[in-house]
Structure formats: structure tokens, C-alpha cells
Amino acid sequence: KMPRNHQVQEGYHQVQDGFEDFEVEGVLNRRMVRSGTGRSKVQYLLKYVGYAEAEWTDYANCGNCRSLTRKFLRNGG
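Residues numbered from 1 in each chain as written. Predicted model: local features only at pLDDT ≥ 70, side-chain atom pairs only at ≥ 80, totals over all residues. Heavy atoms only, no water.

Taking an unreviewed UniProt entry as the reference, the protein chain is identified by name as Chromo domain-containing protein belonging to Daphnia magna.

What follows is the structure, given as C-alpha cells:
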């Protein structure tokens, strides 16, 4: 299982500035989540290379895999 609050990258894996980056294989789903303060945020269900289970990841942590999220949305996701 990978740690929460990780940063995700498209096409590479490394540790930099104390954050471990994970390679994203694909985007499986999208959802809106409401926080305790009533604010909504977008999450994507990401499949990571080398991990069996996909994980919901905040869009804010998807900075370097945004091309995959755009492709998912273009394809009707």
C-alpha cells in the first residue's frame, strides 16, 4: 500500500524533497468529495504502476499526471 498525501507523476518514480513520486498507469474514475467544512474537491481513482489496487487521489496531488486526467475526461469519464 502506498502512503497517503503522495505526489503523483506520469511516467516516472523518484524521491525528491521528501516526497515519493509514483508512476500513474491510468485514470479509472472521478468523484466529488465534500469536506467537513462543506467545501468540495475533485478526486481521481488512479491505477499506479506496480500496485494491485487503485487509490482515490486528490486532484491537487495530480499535478504531473494532468494529461491523463484530461484524456479521461475527453473520453467521457
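Comments concerning the overall build of the protein chain
The test is simple: In DSSP terms, a helix is any run of H or I states spanning at least four residues, a strand is any run of E spanning at least two, and both are numbered starting from the N terminus. Each residue gets one of three labels from its accessible area relative to the maximum for its type: buried under 20%, exposed over 50%, partly exposed in between, using a 1.4 Å probe on protein chains only.
When helices and strands are tallied, the protein chain shows one helix and five strands. Overall, the protein chain shows an N-to-C arrangement of helices and strands of β-β-β-β-β-α. Put simply, the protein chain has 77 residues, and 31% of those count as buried.

Section: the side chain of Q43
Threshold: Here a polar contact is taken to be a pair of N or O atoms separated by no more than 3.5 Å, where protein atoms must pair a possible hydrogen donor with a possible acceptor and residues adjacent in sequence count only if both atoms sit in side chains. Any pair of residues with heavy atoms lying within 4.5 Å of one another is described as a contacting pair.
Relative to the helices and strands, Q43 is located in strand 4 (residues 40–48). Side-chain polar atoms of Q43 contact the side chain of R31, separated by 2.7 Å. Those residues in contact with Q43 that sit more than four places away from it in its chain are N29, R30, R31, V33, W56, T57, D58 and Y59.

Details of the environment of F72
With respect to the helices, strands and loops of the structure, F72 is situated in helix 1 (residues 66–74). Sequence spacing of F72 and N29 is 43 residues, and the spatial spacing of their C-alpha atoms is 8.2 Å.

As for helix 1
Condition: By construction, the arc corresponds to the directions joining the helix axis to the C-beta atoms.
By the burial criterion, the buried members of helix 1 are L68, T69 and F72. One face of helix 1 carries all of its buried residues, which in axial projection span an arc of 100°.

Quick look at the pairing of strand 5 (residues 55–58)
Note the cut-off: A strand pair is defined by DSSP finding two or more bridges across the two strands.
Bridge count between strand 4 and strand 5: four bridges; the pairing is antiparallel. Residue pairing across strands places Y44 opposite T57, the latter belonging to strand 5. Between the antiparallel neighbours strand 4 and strand 5 lie six residues, among them G50 with a positive phi of about 85°.

What to know about the packing of aromatic side chains
Test applied: Aromatic rings from Phe, Tyr and Trp, with only the six-membered ring used for Trp, were paired whenever their centres fell within 6.5 Å, and each pair was classed as stacked if the ring planes differed by under 30 degrees, edge-to-face if by over 60, and tilted otherwise. The criterion is that NZ of a Lys, or CZ of an Arg, lies within 6 Å of the ring centre and within 35 degrees of the ring normal, and then a charge sits over that ring.
For the structure shown, the criterion picks out two aromatic pairs. Consider the rings of Y44 and Y59, whose centres lie 5.8 Å apart with planes at 50°: the pair is tilted. Taken together, the residues Y44 in strand 4 and Y59 in the loop between strand 5 and helix 1 connect sequence positions 15 residues apart. Classification of Y59 as partly exposed rests on a relative accessible area of 31%. With 6.3 Å between their ring centres and 85° between their planes, Y44 and F72 make a pair best called edge-to-face. Of this pair, Y44 sits in strand 4 while F72 sits in helix 1, and the two are 28 residues apart along the sequence. F72 sits in the buried class, given a relative accessible area of 14%. An aromatic cluster of three or more residues is present, and its members are Y44, Y59 and F72. It is R31 that lies over the ring of W56; its NZ or CZ is 4.0 Å from the centre. Here the basic side chain of R66 rests over the ring of Y59, its NZ or CZ set 4.1 Å away from the ring centre.

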